[in-house]
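Now for the letters of each chain:
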Amino acid sequence: MSDLEAFRVETRAWLEANCPPEMREPVRDDDDACWGGRNFKFKNPAQKLWLETMAARGWTVPDWPKAYGGGGLSAEETKILRSEMAKLGCRPPLMSFGIWMLGPALLKFGTEEQKLHYLPQIARGEIRWCQGYSEPGSGSDLVSLQTFGEDKGDHWVVNGQKIWTSYADKADWIFCLVRTDKTNKYQGISFLLFDMTTPGVSTKPILLISGSSPFCETFFDNVKVPKHQIVGELNRGWDVAKYLLGHEREMISGGGLGEGLASLGAAFPDAAANEPVLRAEMAMFDVETIAFRAHSERFMDEWKTGRAHPAYSNLMKYVGTELNKKRHELVMAAGGSDALEWESARSKGGAKPRTWLRTKANSIEGGTSEVMLNVVAKRILDMPGA
Ligand SMILES: Cc1cc2nc3c(=O)[nH]c(=O)nc-3n(C[C@H](O)[C@H](O)[C@H](O)COP(=O)(O)OP(=O)(O)OC[C@H]3O[C@@H](n4cnc5c(N)ncnc54)[C@H](O)[C@@H]3O)c2cc1C
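Residues numbered from 1 in each chain as written. Predicted model: local features only at pLDDT ≥ 70, side-chain atom pairs only at ≥ 80, totals over all residues. Heavy atoms only, no water.

> What's the story with the packing of helix α4 (residues 97-109) against helix α5 (residues 112-123) in this structure? I'm lost.
When two helices pack together, their arrangement is given by the angle between their axes and by how far apart the axes lie. At a minimum axis separation of 10 Å, α4 and α5 run at an interaxial angle of 165 degrees. As judged from the angle between their axes, α4 and α5 are roughly antiparallel. The handedness of the crossing between α4 and α5 comes out as left-handed. Facing Gly 98, Ile 99, Leu 102, Gly 103, Leu 106 and Leu 107 of α4, the residues of α5 in contact are Gln 114, Lys 115, Tyr 118, Leu 119 and Ile 122. Classifying every residue of the contact of α4 with α5 by side-chain character gives 7 nonpolar, 3 polar and 1 charged. (Axes fitted to C-alpha atoms, helices over the stretch in contact; angles between N-to-C directions. Helix = DSSP H or I, 4+ residues; strand = E, 2+ residues; numbered from the N terminus. Parallel < 35°, antiparallel > 145°, perpendicular 65-115°, else oblique. Left-handed = near helix turned anticlockwise from the far one by under 90°. Contact = heavy atoms within 4.5 Å. Nonpolar A, V, L, I, M, F, W, Y, C, P; charged D, E, K, R; others polar.)

Listed below in structure tokens is the structure:
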């Protein structure tokens with residue numbers, strides 16, 4: 001048996017022994033997931049146990065170095081762990097902007113002191129992070145952001161407003177883009193970290209038509225941020241921001257098309273048997289998804305070793321999110337009017353229509369499909385004037 005095969009066998013046995021049965025059910029919605037952080041209330045003891053057990057093994061962030069709270073696994077071992085978790089239906093132990101976005105940026109741009117301080121807390125789910133990028137008028141044209149950090153010697157004083165800050169009202173800390181030089185558009189932005197309880201930070205939830213409010217407006221009124229809380233160089237935060245966005249896009253693109261999902265034809269056998277047009281659409285979708293997953297795997301390997309084209313994450317984000325939207329259109333079509341049930345117990349609180357509606361945002365968050373296509377046209381296809 002090869003080392004990797006042995007690792008697979010051990011991993012499966014360990015997951016079988018340690019993943020509580022309650023954590024082998026799909027996550028129903030954001031509220032049902034484990035987000036960690038100072039104020040997080042675990043839904044049940046199994047959720048807490050699963051987070052603690054996985055964090056103790058470094059498997060909330062299996063491929064991070066052990067020194068920073070990770071599992072120190074190779075890329076191949078990480079893939080095996082993910083696929084064994086998918087086979088057993090194990091939930092991710094932790095949903096985390098720290099893991100998906102900030103962590104990789106810190107690993108690349110952080111000082112040793114920052115890595116040792118922040119990364120283990122992220123791995124253990126102790127601090128919940130939010131992302132302060134977008135501003136009113138600066139979404140797609142992010143580099144036009146106006147939130148300003150004034151240099152006061154050993155600290156900055158930050159003033160401005162962010163918008164669409166997901167879960168800002170639940171977050172402990174924010175990673176935030178702040179203009180620190182008004183004369184240089186790209187090289188005048190810095191990447192700052194600060195505690196959401198710092199005096200002068202306030203949030204206001206944005207209520208959606210669904211009744212929920214995952215977003216906030218976030219306001220900074222003379223917020224004092226110590227100088228050592230900058231990541232990367234002064235005024236070179238755009239480099240950190242872009243690198244982090246690559247990880248955000250990778251996360252969003254793969255979000256709904258994970259390995260554990262059954263093919264649509266298998267998931268909806270009645271619809272597939274009785275409705276030929278739908279069956280053909282499902283088959284086409286399944287083929288596209290297999291191709292996307294294969295492509296995604298190759299891209300991830302190339303990306304992690306620095307060989308991937310830098311704009312490829314834009315392409316993957318575009319294809320992955322459009323496919324995920326299509327998947328949920330087909331799920332709704334296969335479910336007929338029953339799939340629209342919003343509140344009944346049978347519909348698990350409207351899980352299907354809520355997920356379907358949520359996927360509409362996939363092609364906006366982390367950069368819109370139109371903007372992704374512009375980047376692909378310009379930087380991959382080398383088209384003029386795009
Ligand atoms: C679910 C969700 C979660 C989010 N979470 C966060 C978060 O946590 N933190 C954060 O900072 N932000 C967050 N955002 C904001 C997100 O990053 C922005 O919505 C996104 O970047 C688009 O910016 P905008 O909303 O200002 O739209 P705009 O930039 O105003 O775009 C409006 C429309 O114009 C199109 N458009 C704009 N420019 C061009 C162009 N050059 N060519 C062609 N078409 C163009 C766009 O594609 C879009 O259709 C979130 C958004 C969503 C939907």
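Having seen it, we continue.
> Quick question: what am I supposed to make of unusual backbone geometry here?
Comment: phi is negative for the bulk of residues other than glycine, and the bulk of peptide bonds are trans. Positive phi outside glycine occurs at Trp 164, with the angle close to 60 degrees. Residue position: Trp 164 is located in the loop between β3 (155-162) and β4 (173-179). A positive phi is found at Lys 348, a non-glycine position, where the angle reads about 55 degrees. Structurally, the position occupied by Lys 348 is in the loop between α10 (312-335) and α11 (351-359).

> Honestly, the packing of helix α1 (residues 3-18) against helix α3 (residues 75-88) in this entry has me stumped. Any pointers?
For the pair α1 and α3, the least separation of the axes is 10 Å and the interaxial angle reads 40 degrees. Between α1 and α3, the angle is such that the two are oblique. For the pair α1 and α3, the sense of crossing is right-handed. Residue-level inspection shows Leu 4, Phe 7, Arg 8, Thr 11, Arg 12, Leu 15 and Glu 16 of α1 in contact with α3, the latter providing Glu 76, Glu 77, Ile 80, Leu 81, Ser 83, Glu 84, Met 85, Lys 87 and Leu 88. In terms of residue class, the contact of α1 with α3 is made up of 7 nonpolar, 2 polar and 7 charged.

> Could you clarify how one ought to interpret the site of the ligand in this entry?
Among the 18 residues in the neighbourhood of the ligand, the closest are listed as Ser 134, Ser 140, Trp 164, Thr 368 and Glu 370. Taking Thr 368, its side chain carries an N or O atom lying 2.6 Å from an oxygen atom of the ligand. Residue Glu 370 places a side-chain N or O atom 2.7 Å away from an oxygen atom belonging to the ligand. Computed on the free molecule, the ligand has an accessible area of 980 Å², of which 65% lies beneath the protein chains in the complex. With 3 residues, the single largest contributor to the shell around the ligand is helix α12 (residues 369-380). Split by residue class, the shell around the ligand holds 6 nonpolar, 9 polar and 3 charged. (Near = heavy atom within 4 Å. Polar contact = N/O pair within 3.5 Å; in protein donor to acceptor, adjacent residues only side chain to side chain. Areas by Shrake-Rupley, 256 points an atom, 1.4 Å probe, with all protein chains shown as cover.)

> What is the right way to look at the packing of aromatic side chains in this model?
Given two aromatic rings, their pairing is described by the distance between the two centres and the angle made by the two planes. Using the criterion set out here, one finds 20 aromatic pairs in the structure. Measuring from ring centre to ring centre gives 6.2 Å for Phe 97 and Tyr 167, while their planes differ by 55 degrees; the resulting arrangement is tilted. Here Phe 97 is found in helix α4, whereas its partner Tyr 167 is found in the loop between β3 and β4, with 70 residues between them in sequence. On the basis of relative accessibility, which here comes to 10%, the residue Phe 97 falls in the buried class. A residue is classified by how much of its surface remains accessible, and Tyr 167, at 12% relative accessible area, is buried. Ring geometry for Tyr 118 versus Trp 129: centroids 5.8 Å apart, planes at 70 degrees, classification edge-to-face. With Tyr 118 in helix α5 and Trp 129 in strand β1 (residues 129-132), this pair connects stretches of sequence that are 11 residues apart. Each member of the pair, Tyr 118 as well as Trp 129, carries the same accessibility label: buried. In this structure an aromatic cluster arises from ring pairing among Tyr 118, Trp 129, Tyr 133, Trp 173, Phe 175 and Phe 191. (Phe/Tyr/Trp six-rings, centres within 6.5 Å; stacked < 30°, edge-to-face > 60°. Buried < 20%, exposed > 50% of the residue type's maximum accessible area, 1.4 Å probe, protein only.)

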